[in-house]
Amino acid sequence: MKQRTYINELSEKKQETVIIYGWINVRRDQGKMIFLDFRDTSGIIQGVILPNSNAMEIGKTLREEFVVEITGKVNERPEKNKKSGILNGDIELEILHINVLNESATLPFPISGDTREVNESIRLKYRYLDLRSDRMHKNIANRFKIQNFIRNYLEKDGFLEIETPLLSAPTPEGSRSYVVPSRIYKGSFYSLPQSPQQYKQLLMVSGFEKYFQFARCMRDEDTRGDRQPEFTQLDMEMSFVTEEDIIQLNEKILISIVEKYYPEKRIQQIPFPRMPYKEAMGKYGNDRPDIREDKTDANLLAFLWIVDFPMFEKTGEDNVDGTGEWTFTHNPFSKPRDEDFEKFMSKESIGEILTTQYDITLNGLEIGGGSIRNHKPSALRTTFEIMGYNNERIENNFGHMLKALELGAPPHGGIAWGFDRLMMILEQELNIREVIAFAKTGDGKDLIMNAPAEISNRQRVDLGISIKKDSLWKRY
Ligand code: ASP
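- The chain appears in an unreviewed UniProt entry as Aspartate--tRNA ligase from Candidatus Nomurabacteria bacterium CG1_02_47_685.
- The UniProt entry for the chain carries the following comment under Subunit (unreviewed entry): "Homodimer."
- In UniProt, the chain has this text filed under Subcellular location (unreviewed entry): "Cytoplasm".

Here you go:
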């Protein structure tokens, strides 16, 4: 096999003849000479076909985005053409031989600049091209780097990443679940997870003690601008911990990420400040206030914990889970604060009971949340009773959790980060679609694969499903 040199290695190969592979980024034909910039996953290099070169004839036929194999000599640029501060600014590739591996039709939109200026539906339809652009490529690469950093960090701290099922039963997170029809058990459905909440708690009962997962979560919500029907959480759960342990660990990870990957950014306050929910609502009218001292400073990161949330709220119309007068505010598995535990168990002054829930916000956006859980079955049962569930419903929906808690469940708690949103803020993007490789539109469509889509008659028969004519969604 031919020895490939990546473009970011070229500066170590001055005067050598090398082979590079990639795309033609820019082409400037100057008549006697042709300048061609090449791009691979590692960077960009300027190439030149000198007058009388054997490569001139084929060079004239090349267009932007052709895929090529180039043999060339790495030369120092003439002094006056040197550009400092950019990769390969002091060298260029003298093109000796060109092998076209594939041609390219004219792209539906230019990718050499900032594709945020292009209509987003077109970008999403041709996402693979959008991802070729510099900014999107960097966003996706950085996303991986941060994930990898977190994985290593947590592994060193004794965590295990454990995968939990996608096909399961509903878990309450306050939204609707997506459902998947079962072919074998016609008329029955799996639910896609809104979060791995129950499984991660069951892993604590299994004795793993420190779990994490980059977990895909699916929530069937009415389309709200910056939401995606599927998104990624950094999900964690730990045994024998307090709120303080979880808060401190998470702060350490976040600070390390910023220090290592975003050294140009400044964290406003360390340790991160904490604000009771009541104060946030009173002062700012919302529970994710933007407390930046200077909102024009793009490099300022103001993390803030919100604590002391009420545990229950009156059921409202938005609520899909409540049957009684009260429903949970965040997570039905949360434990109340110690001071309120007796009130909770005796179901008194329900509106005043505070939960161990902590949310973490950054520059006015919620980027995560978690709590210490009720690890005693009687306490978990109390939550459902306060929400007006009868015994049958409790048994049917949560009998398995109550049983597990009877079988030696340690005290435990956890948290989940909205990983896409964190990446969005760190990369200074305005919506999470910019940091998700194959994002869906704001109204939940996958424009590449054309989903959601109807299924064939044959599939419907297989699944025992019939669709009411008048409920059909009209495509156009
Ligand atoms: N499962 C919760 C959520 O998705 C997070 C947690 O409490 O750990 O919001």
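## Regarding the side chain of R77
Phase 1 of the analysis: Looking at where R77 falls in the secondary structure, it is placed in the loop between β4 (67-76) and β5 (91-102).
Phase 2 of the analysis: Although R77 is buried, it makes no salt bridge; E92 carries the closest opposite charge, 4.6 Å away.
Phase 3 of the analysis: Only 3.4 Å separates the side chain of R77 from the backbone oxygen of N88, close enough to count as a polar contact.
Phase 4 of the analysis: Here G89 takes part through its backbone oxygen, which lies 3.4 Å from a polar atom of the side chain of R77.
Phase 5 of the analysis: When sequence neighbours within four positions are dropped, the list of residues in contact with R77 reads Q46, K82, K83, N88, G89, D90, I91 and E92.

## Section: the site of the ligand
Phase 1 of the analysis: Around the ligand, the surrounding shell holds 13 residues, and the nearest of these are E173, Q197, K200, Q233 and R373.
Phase 2 of the analysis: Between an oxygen atom of the ligand and a side-chain N or O atom of Q233, the distance comes to 2.8 Å.
Phase 3 of the analysis: Between the ligand and the protein, one listed contact pairs an oxygen atom with a side-chain N or O atom of R373 at 2.8 Å.
Phase 4 of the analysis: In the complex, 87% of the free accessible area of the ligand, which totals 270 Å², lies under the protein chains.
Phase 5 of the analysis: Mapped by element, the contributors of at least two residues to the shell around the ligand are α5 (197-205), β18 (365-372) and β19 (412-418).

## Structural notes on the UniProt feature "binding site: ATP" (unreviewed entry) in the chain
Phase 1 of the analysis: Cross-referencing UniProt, the feature "binding site: ATP" (unreviewed entry) maps to R219, D220, E221, Q228, E366, G418, F419, D420 and R421 in the present numbering.
Phase 2 of the analysis: With respect to the helices, strands and loops of the structure, D420 is situated in helix α11 (residues 419-426).
Phase 3 of the analysis: Leave out the neighbours within four places in its chain, and D420 touches R143, F231, T232, I432, V435 and I436.
Phase 4 of the analysis: Those residues in contact with R421 that sit more than four places away from it in its chain are R227, L365, E366 and I432.
Phase 5 of the analysis: At 3.0 Å, the side chain of R421 and the backbone oxygen of E366 are in polar contact.

## Comments concerning the sheet that holds strand β12 (residues 274-276)
Phase 1 of the analysis: Spatial strand order, β6-β9-β10-β19-β18-β17-β14-β12: eight strands in an open sheet with mixed pairing. For this open sheet the edge positions go to β6 (160-161) and β12, each flanked by a neighbour on one side alone.
Phase 2 of the analysis: Note that β6 and strand β9 (residues 210-218) share two bridges and pair parallel. Paired with L160 across the strands is Y211, a residue of β9.
Phase 3 of the analysis: Set on the sheet, helix α6 (residues 243-261) makes contact with β10 (230-239), β12, β14 (303-307), β17 (358-362), β18 and β19; between it and β19 the angle comes to about 30 degrees.
Phase 4 of the analysis: Of the strands in this sheet, β12 and β14 touch helix α7 (residues 277-284), which is tilted by about 80 degrees from β12.

## Things to note about unusual backbone geometry
Phase 1 of the analysis: In this model, I270 is joined to P271 through a cis peptide bond whose omega is -10 degrees.
Phase 2 of the analysis: Residue placement: P271 occurs in the loop between β11 (266-267) and β12.
Phase 3 of the analysis: The omega torsion across A451 and P452 is 0 degrees, close enough to zero to call that bond cis.
Phase 4 of the analysis: Of note, P452 is situated in the loop between α11 and α12 (457-463).
Phase 5 of the analysis: We note that E65 has phi near 75 degrees; this positive angle belongs to a residue other than glycine.
Phase 6 of the analysis: Mapped onto the elements, E65 comes out in the loop between α1 (56-61) and β4.
Phase 7 of the analysis: One non-glycine residue with positive phi stands out, namely F240, at about 55 degrees.
Phase 8 of the analysis: Secondary-structure assignment places F240 in the loop between β10 and α6.
Phase 9 of the analysis: Under the relative-accessibility criterion, F240 is labelled exposed at 55%.

Conventions and cut-offs
Residues numbered from 1 in each chain as written. Predicted model: local features only at pLDDT ≥ 70, side-chain atom pairs only at ≥ 80, totals over all residues. Heavy atoms only, no water. UniProt positions renumbered as here; feature names shortened; annotations may be inferred. Helix = DSSP H or I, 4+ residues; strand = E, 2+ residues; numbered from the N terminus. Buried < 20%, exposed > 50% of the residue type's maximum accessible area, 1.4 Å probe, protein only. Lys, Arg positive; Asp, Glu negative; His and termini not counted. Salt bridge = Lys/Arg side-chain N within 4 Å of Asp/Glu carboxyl O. Polar contact = N/O pair within 3.5 Å; in protein donor to acceptor, adjacent residues only side chain to side chain. Contact = heavy atoms within 4.5 Å. Near = heavy atom within 4 Å. Areas by Shrake-Rupley, 256 points an atom, 1.4 Å probe, with all protein chains shown as cover. Pairing = 2+ DSSP bridges. Axes fitted to C-alpha atoms, helices over the stretch in contact; angles between N-to-C directions.

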